[in-house]
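The primary structure of each chain is shown beneath.
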Amino acid sequence: MTTDFDKLIDGLPKAELHLHIEGTLEPEMMLALARRNNVTLPYATAEDINAAYQFDGLQDFLDLYYAGMSVLIEERDFHDLTHAYLDKMAVQGLTHVEIFFDPQGHTDRGIAFETVLGGITSALEEGERELGITSKLIMCFLRHLPEEEAFGALTSACQHKEHIHGVGLDSGEAGNPPANFARVYAAARQEGFIPVAHAGEEGPAAYVTDALDILQVARVDHGNHALDDPALVARLVRAQTPLTMCPLSNLRLKGIPTLDQHPIKRALDAGLLATVNSDDPSYFGGYINDNYKAVSQAVGLSAREIITLAKNSFAASFLDDYEKQARIDAVDRYVEPFTRDAD
Ligand code: ADE
Ligand code: ZN
């Protein structure tokens, strides 16, 4: 059933700020790239792959996510992956995206950093030229690996500063606290990279505090468990530190038992700069608009709150202030016919 809110969401100008490009690998593309690159997969059909996507938690998902990456070998594979994502987004109102990539997931398999980066950036440039979608790239360190290996990725990133805006921290959170990456984040900040980190996805509120204090992040990815600590919420509200929340991801990774328990409404009510994103849409059964629609319905967001989420996505982005305002003005122009009779 299509609701009026669905129509509002469909073309609502929005940015996506929490998107792992490797998590957009659709089953059909995984099979096609496996054939193209002579990679053997444990699946014969897209149905087999979809059937395997039942996750008990983050680690369970990560095992399949890293295995899926094995089909990405040539520069054109990374280009095709990124291109396919942008093509889908062009009809979902998306006008800006800040994309994560996991170089260590590729360099550890013998794929050159430049192969990965070249494929992604050429598709992003094409996306801006042909689809009008602007972008920034955030390189993530894998937190289940030692900090010395993150330094290797940082050294590579320093050769390509014109293409990489920020650094992030992803992979298994439990037992891999932000403090383990204090030195590499200090070095990355020194080199001019903007720091963000996954925190409070499955880890405790204290990991969010540590991401702020130790890693000095400008934005918190997920941040769900920050809501367990009222003093931390007050701090995040005061600083307007954005949270990039991912409702369908949290549901599929069993961070919440049902979507109506998602904290997005509580976050908005508290005055947090919360945003909605898809994380790994191919694995979690929904791209950005699916996330907006499902969570709006489940927690009962108003049209005004949905519009706030879209504006927040630009306010929380790494666009400059002029661009932020221009994108927020575009939201106002788009929603005018939807809100004319409201209030
Ligand atoms: N890598 C890809 N998706 C992730 C997530 N949701 N959490 C941590 N690491 C990830
Ligand atoms: Zn993520």
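Rules used throughout
- Residues numbered from 1 in each chain as written.
- Chains lettered and ligands numbered in written order.
- Predicted model: local features only at pLDDT ≥ 70, side-chain atom pairs only at ≥ 80, totals over all residues.
- Heavy atoms only, no water.
- Helix = DSSP H or I, 4+ residues; strand = E, 2+ residues; numbered from the N terminus.
- Rg over C-alpha atoms; globule rule 2.2 N^0.38 Å.
- Contact = heavy atoms within 4.5 Å.
- Lys, Arg positive; Asp, Glu negative; His and termini not counted.
- Charge placed at Lys NZ, Arg CZ, Asp CG, Glu CD.
- Near = heavy atom within 4 Å.
- Polar contact = N/O pair within 3.5 Å; in protein donor to acceptor, adjacent residues only side chain to side chain.
- Areas by Shrake-Rupley, 256 points an atom, 1.4 Å probe, with all protein chains shown as cover.
- Nonpolar A, V, L, I, M, F, W, Y, C, P; charged D, E, K, R; others polar.
- Donors = N, O, S within 2.8 Å, 3.2 Å for Na, K, Ca; no water.
- Tetrahedral: all angles 85-135°; square planar, octahedral: opposite > 155°, others 65-115°.
- Buried < 20%, exposed > 50% of the residue type's maximum accessible area, 1.4 Å probe, protein only.
- Salt bridge = Lys/Arg side-chain N within 4 Å of Asp/Glu carboxyl O.

A. Molecular detail of the overall build of the protein chain. When you go through the protein chain residue by residue, the secondary structure sums to 17 helices and 8 strands. Taking 20 Å as the expected radius of gyration for a compact globule of 343 residues, we find that the protein chain reaches 19 Å, a close match to that expectation. Summarising its shape, the C-alpha atoms of the protein chain cover approximately 60 × 40 × 40 Å along the three principal directions. Contacts spanning at least 24 positions in sequence make up 76% of the contacts within the protein chain whose residues lie at least 6 apart. The averaged location of the 53 negative side-chain charges in the protein chain is 4 Å from the averaged location of its 27 positive side-chain charges.

B. Spatial organisation of the site of ligand 1. Around ligand 1 lies a shell formed by His20, Leu58, Phe61, Leu62, Tyr65, Asp170, Ser171, His198, Glu201, His222, Asp279 and Asp280. At 2.6 Å from a nitrogen atom of ligand 1 is found a side-chain nitrogen or oxygen belonging to Asp279. Look at ligand 1: alone it shows 260 Å² of surface, and the protein chains cover 100% of it. When residues of the shell around ligand 1 are assigned to their parent elements, the largest contribution, 4 residues, is made by helix 4 (residues 58–68). Across the shell around ligand 1, the residue classes tally to 4 nonpolar, 4 polar and 4 charged.

C. Representation of the coordination of the zinc ion (ligand 2) in the model. Donor atoms from the polypeptide that coordinate the zinc ion (ligand 2) comprise His18 (NE2), His20 (NE2), His198 (NE2) and Asp279 (OD), at 2.0 to 2.2 Å from the metal. What the 4 donor atoms of the zinc ion (ligand 2) show is an angle range of 84 to 174° at the metal, which sorts the shape as irregular. Look at where the donors of the zinc ion (ligand 2) fall in the sequence and you get H-x1-H-x177-H-x80-D. Of this pair, His18 sits in strand 1 (residues 14–20) while His198 sits in strand 5 (residues 194–199), placing them 180 residues apart in sequence. Just as His18 is buried, His198 falls in that class too.

D. Focus on unusual backbone geometry. At Gln216, a position not held by glycine, the phi torsion is positive, near 60°. Tracing the backbone shows Gln216 in the loop between helix 10 (205–213) and strand 6 (219–222).

E. Summary view of the pattern of salt bridges. Applying the stated criterion to the full structure yields 12 salt bridges. A salt bridge links Arg219 to Glu98, with the shortest nitrogen-to-oxygen separation between them at 2.8 Å. Of this pair, Arg219 sits in strand 6 while Glu98 sits in strand 2 (residues 94–101), and the two are 121 residues apart along the sequence. Both residues of the pair, Arg219 and Glu98, belong to the buried class.

F. Main features of the side chain of His222. Topologically, His222 is positioned in strand 6. Of the residues examined, His222 reaches a relative accessible area of 0% and is grouped as buried. Polar side-chain contacts of His222 include one of 3.2 Å to the side chain of Glu201. At 3.4 Å, the side chain of His222 forms a polar contact with the side chain of Asp279. Leave out the neighbours within four places in its chain, and His222 touches His18, His198, Ala199, Glu201, Leu243, Thr244, Met245, Cys246, Ser249, Asn250 and Asp279.

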